[in-house]
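So you can see what is in the structure, the chains are spelled out below.
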Amino acid sequence: MYLFQHSIDCVIHFAALKAVGESMQQPLLYYQNNLLGMLNLLEVMRSHNCYQMVFSSSCTVYGEPEYLPITETHPTGKITNVYGRTKYFIEEMLKDLSAADEKWNIISLRYFNPVGAHPSGMIGEDPTKEFTNLMPFMAQVALGKKPVLTVFGSDYNTPDGTGVRDYIHVMDLASGHVAALNLLSNNHIRLKVYNLGTGKGVSVKELVNVFEKVTNTKIPLKYVERRLGDITAMWADATLAKEELGWTTRYSVEEMCTDFWRWQTMNPDGYPKKSKTSVIVNGKS
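Residues take numbers from 1 onward in each chain, read along the sequence in its written order. The predicted origin of the model limits local features to residues at a pLDDT of at least 70 and limits the giving and counting of side-chain atom pairs to 80 or more, whereas totals for whole chains, interfaces and linings rest on all residues. Hydrogens are left out, water is left out, and the side-chain values use all remaining heavy atoms of the structure.

Note the threshold: UniProt positions are given in the numbering used here, feature names are shortened, and annotations may be inferred rather than shown by experiment.
The chain has the name UDP-glucose 4-epimerase in an unreviewed UniProt entry, where Diatraea saccharalis is given as its organism. As stated in UniProt under Pathway (unreviewed entry), the record for the chain gives "Carbohydrate metabolism; galactose metabolism." Entered under Subunit (unreviewed entry) in the UniProt record, the comment concerning the chain runs "Homodimer."

1. Topic: the packing of aromatic side chains
We count it as follows: For Phe, Tyr and Trp, rings pair up if their centres lie within 6.5 Å, where Trp contributes its six-membered ring, and each pair is then called stacked (planes under 30 degrees apart), edge-to-face (over 60) or tilted (otherwise). For each residue, the accessible area found with a 1.4 Å probe, counting protein chains only, is set against the maximum for its type, and the residue is called buried under 20%, exposed over 50%, and partly exposed in between. In our convention, an over-ring charge means Lys NZ or Arg CZ found within 6 Å of a ring centre and within 35 degrees of that ring's normal.
Going through the model one piece at a time under the given rule, you end up with five aromatic pairs. With a centroid separation of 4.8 Å and 50° between ring planes, the pair formed by Trp263 and Tyr271 is classed as tilted. Since its relative accessible area comes to 1%, Trp263 is described here as buried. On the basis of relative accessible area, Tyr271 is assigned to the partly exposed category, the value being 33%. Each member of the aromatic cluster is reached from another via a ring pair, and the members are Tyr31, Tyr88 and Phe89. The ring of Tyr156 carries Arg226 above its face, with NZ or CZ at 4.1 Å from the centroid.

2. Thoughts on the sheet that holds strand β3 (residues 105-111)
What counts is decided by this rule: When DSSP finds at least two bridges between two strands, those strands are taken to pair. Strands are runs of DSSP state E lasting at least two residues, helices are runs of H or I lasting at least four, and both sets are numbered from the N terminus onward. For helices, the fitted axis covers only the stretch in contact; all axes are lines through C-alpha atoms, and the angles between them, taken along N-to-C directions, range from 0 to 180 degrees. Contacts are assigned to residue pairs that have any heavy atoms within 4.5 Å of one another.
Pairing is parallel across the open sheet formed by four strands, whose spatial order is β1-β2-β3-β8. Only two strands of the sheet have a single neighbouring strand rather than two, namely β1 (11-13) and β8 (191-196). Across the sheet, the mean angle separating the axes of adjacent strands is 20° when strand polarity is ignored. Note: β3 against β8, six bridges, orientation parallel. In the sheet register, Ile106 faces β8, and the bridge partner there is Leu191. Taken strand by strand, helix α3 (residues 82-100) contacts β2 (52-58), β3 and β8, and its axis lies near 150° from that of β2. Packed onto the sheet, helix α5 (residues 170-186) meets β1, β2, β3 and β8 and runs at close to 160° relative to β3.

3. Regarding the pairing of strand β5 (residues 149-152)
Within a regular strand, the side chains alternate between the two sheet faces. Covered by surrounding structure in β5 are Leu149 and Val151 only, the residues Thr150 and Phe152 on the alternate face being uncovered. As paired strands, β5 and strand β10 (residues 221-224) are joined by four bridges and run parallel to one another. For Thr150, the partnering residue across the bridge sits in β10 and is Lys222.

Here's what the structure looks like:
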């Protein structure tokens, strides 16, 4: 059994594998890490009498949208990828848990598509896998480290044929968590879900155009087949978060691109990598 090292009032659960494409290729890895990780955490929380949690969920729990923009009352469960199913199963788990024991006090935040970086340029996204988000890959192309940006699908039923998403600045996402913590600390709500998004859909091509404009770079594109598990378009109705959390987004798409470019140009190779050292024991390294 794992133990908390300190007295904990509330847990923010960020820990999960999150790449749609990877989840379709390695489903067992995602079920093991995301579901079992949550089960272990909940057991440890209960053993320490800690019953408050902010959970990082995802708009993928909605599946292919039945209507847009998506409200929190949109049906969930008709999901197109394994990653989304793990988030959905966890949300169902939290429903059962909060219904069985009134001590639990949980907010599930359904992220849309986080991008950007801290405006200082000192904190940003440094992918370690080939399955990476759009903006880090795009920035690597702009730096000349990759030849082209691969766009999955050019024949979607959207104005320019590329997928449409609701991109949200990571700083707005962070403030959403602070708002959720504030609500939990002052109210016993058992379980509540909120969308965190801007309420505006932006296509992949539109995002590339904005990035090129604000960074004065050129991003060559290579269109390939649609990626298994992806959907056509999705953006949020975040009215409930505004009304109950007092939260709204502040950052524009231009600022998302500008802040990420600042991080990437200040850290073209990502975070400094620790050098490997050899330890010699009994004359052998």
